[in-house]
Amino acid sequence: MSAPDFEGISRNSSKLDQLRKQQEQVLVEINKMHIKLQAAPEIAENPGDDSLSQLKTLYIKAKDLSESEVNVSNALLSQLDVLLTSGPSGQRRKIGNDQKKKRMKADSDISNLNASARSQLEACASLKGEQVAARVRADNAENDEWFVVKVMNFDRETKEFEVLDEEPGDDEDGSGQKKYKLPSSSIIPFPKRNNPSSISDFVVGKHVLAVYPGTTTLYKATVVGPPRRVLLSSHHAVL
């Protein structure tokens, strides 16, 4: 099998580059001639002026250069086709297999991402009617506060929770239960009582949220001792 004609490809590439440079020079001259004729069109009417003849010559030269560029480009394409055809078929198969594997991996990643996103949405939607911890900034407050609230709804489109603070507020009528719309980043679900695996290990020194007795207000606290088990009505409870 004959060696690839890299020298011929390089030679035609140089020709193509030179042709394009010559075309650029001709186009500059054509533009100059157009500017000259537009500024003083009466020049072309003088018997001894050959501006139009020069312009025609420039256009003919531009046409010849363009046709030469097409010929050299076609020659380069033919040389590259021969080079690609003469390459090892095993290598072409390997490239094709690699591309197929990349496409399959990309499709798998997208599928896994979609499955994970759907799972997260389902988990958020399942919190409807549940009590959760929510980070809220009340009206005219400078800092965020944490409250125990009830999830009223979850919007799958906006990915926002609508929650209700069931504790009466400080409104004049005393019935000021407030609703908030919060992103999922401001919500912490409580562990499920019937699912021990959802309960975290609260080791000594861990920062947690604790509830003020008799309120829905949460405050930041630090675990200072391990949980104790006490026996209540034949059932164990963690305190």
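Remember, it's a predicted structure, so these values are computed and weren't measured experimentally.

## Re the overall build of the protein chain
Alright, step 1. In terms of helices and strands, the protein chain carries 3 helices and 9 strands.
Alright, step 2. Mapped in sequence order, the helices and strands of the protein chain form the string α-α-α-β-β-β-β-β-β-β-β-β.
Alright, step 3. Each of the 239 residues in the protein chain was classed as buried or not, and the buried ones make up 20%.
Alright, step 4. Long-range contacts, defined here as pairs at least 24 residues apart, represent 41% of the contacts in the protein chain between residues at least 6 apart.
Alright, step 5. About 18200 Å² of surface is accessible on the protein chain, with carbon and sulfur atoms providing 53% of the total.

## Concerning the nonpolar core
Alright, step 1. With 14 residues, the main nonpolar core has Phe161, Val163, Leu182 and Ile187 as its most contacted residues.
Alright, step 2. Looking at this core, the elements with two or more residues in it are β1 (131-136), β2 (145-155), β3 (160-165) and β4 (178-183).
Alright, step 3. Broken down by element, the residue count for this core peaks at 4 residues, all from β2.
Alright, step 4. If you look at the next biggest cluster of nonpolar residues, it comprises 13 residues, including Leu16, Leu37, Ala62 and Leu65.

## Some points on helix α2 (residues 51-85)
Alright, step 1. Counted at 1.5 Å a residue, the expected span for α2 with its 35 residues is 51 Å, and the 51 Å between its end C-alpha atoms agrees.
Alright, step 2. Restricting attention to buried positions, one finds in α2 the residues Ser51, Leu55, Leu58, Ala62, Leu65, Glu69, Val72, Leu76 and Gln79.
Alright, step 3. The inward-facing, buried residues of α2 contact α1 (6-39).

## Regarding the side chain of Glu69
Alright, step 1. Mapped onto the fold, Glu69 is located in helix α2.
Alright, step 2. We classify Glu69 as buried; its relative accessible area is 18%.
Alright, step 3. Side-chain polar atoms of Glu69 contact the side chain of Gln23, separated by 2.8 Å.
Alright, step 4. Not counting chain neighbours up to four residues away, the residues in contact with Glu69 comprise Leu16, Leu19, Arg20 and Gln23.

## Focus on the packing of α1 against α2
Any two packed helices are characterised by the angle at which their axes cross and by the distance between the axes.
Alright, step 1. Packing of α1 against α2 brings their axes to within 9 Å, and their N-to-C directions diverge by 160°. With respect to each other, α1 and α2 are oriented roughly antiparallel. Of the two possible hands of crossing, α1 and α2 adopt the one that is left-handed.
Alright, step 2. Residues belonging to the contact of α1 with α2 are distributed by class as follows: 19 nonpolar, 12 polar and 6 charged.

## Observations concerning unusual backbone geometry
Alright, step 1. You will see that Lys159, though not glycine, has its phi angle at about 60°, which is positive.
Alright, step 2. Inspection of the secondary structure assignment puts Lys159 in the loop between β2 and β3.

## Details of the pattern of salt bridges
Alright, step 1. Overall, the coordinates contain 6 salt bridges when judged by the stated rule.
Alright, step 2. For Glu69, the salt bridge is made with Arg20, and the minimal N-O distance between the two is 3.0 Å. Placement of the pair is Glu69 in helix α2 and Arg20 in helix α1, with a sequence separation of 49 residues.
Alright, step 3. Since its relative accessible area comes to 42%, Arg20 is described here as partly exposed.

## Details of the confidence of the model for the protein chain
Alright, step 1. Taken over all residues, the pLDDT of the protein chain has a mean of 77, while the share at 70 or more is 72%.
Alright, step 2. Per-element mean pLDDT across the protein chain ranges from 39 in strand β9 (residues 235-238) up to 90 in β3.
Alright, step 3. With pLDDT under 50 throughout, residues 230-239 is counted as low confidence; its partners more than four residues away or in other chains account for 14 contacts.

## Examining the packing of aromatic side chains
Alright, step 1. In the structure shown here, the tally under the stated rule is 2 aromatic pairs.
Alright, step 2. Between Phe154 and Phe161 the ring centres are 4.7 Å apart and the planes differ by 45°, which places this aromatic pair in the tilted class. Phe161 matches Phe154 in its accessibility class, with the two residues each being buried.

Reading guide: rules and limits
- Residues numbered from 1 in each chain as written.
- Predicted model: local features only at pLDDT ≥ 70, side-chain atom pairs only at ≥ 80, totals over all residues.
- Heavy atoms only, no water.
- Helix = DSSP H or I, 4+ residues; strand = E, 2+ residues; numbered from the N terminus.
- Buried < 20%, exposed > 50% of the residue type's maximum accessible area, 1.4 Å probe, protein only.
- Contact = heavy atoms within 4.5 Å.
- Areas by Shrake-Rupley, 256 points an atom, 1.4 Å probe, with all protein chains shown as cover.
- Core = buried A, V, L, I, M, F, W, Y, C linked by side-chain atoms within 4.5 Å.
- Expected span 1.5 Å × (residues − 1).
- Polar contact = N/O pair within 3.5 Å; in protein donor to acceptor, adjacent residues only side chain to side chain.
- Axes fitted to C-alpha atoms, helices over the stretch in contact; angles between N-to-C directions.
- Parallel < 35°, antiparallel > 145°, perpendicular 65-115°, else oblique.
- Left-handed = near helix turned anticlockwise from the far one by under 90°.
- Nonpolar A, V, L, I, M, F, W, Y, C, P; charged D, E, K, R; others polar.
- Salt bridge = Lys/Arg side-chain N within 4 Å of Asp/Glu carboxyl O.
- pLDDT = per-residue confidence, 0-100.
- Phe/Tyr/Trp six-rings, centres within 6.5 Å; stacked < 30°, edge-to-face > 60°.

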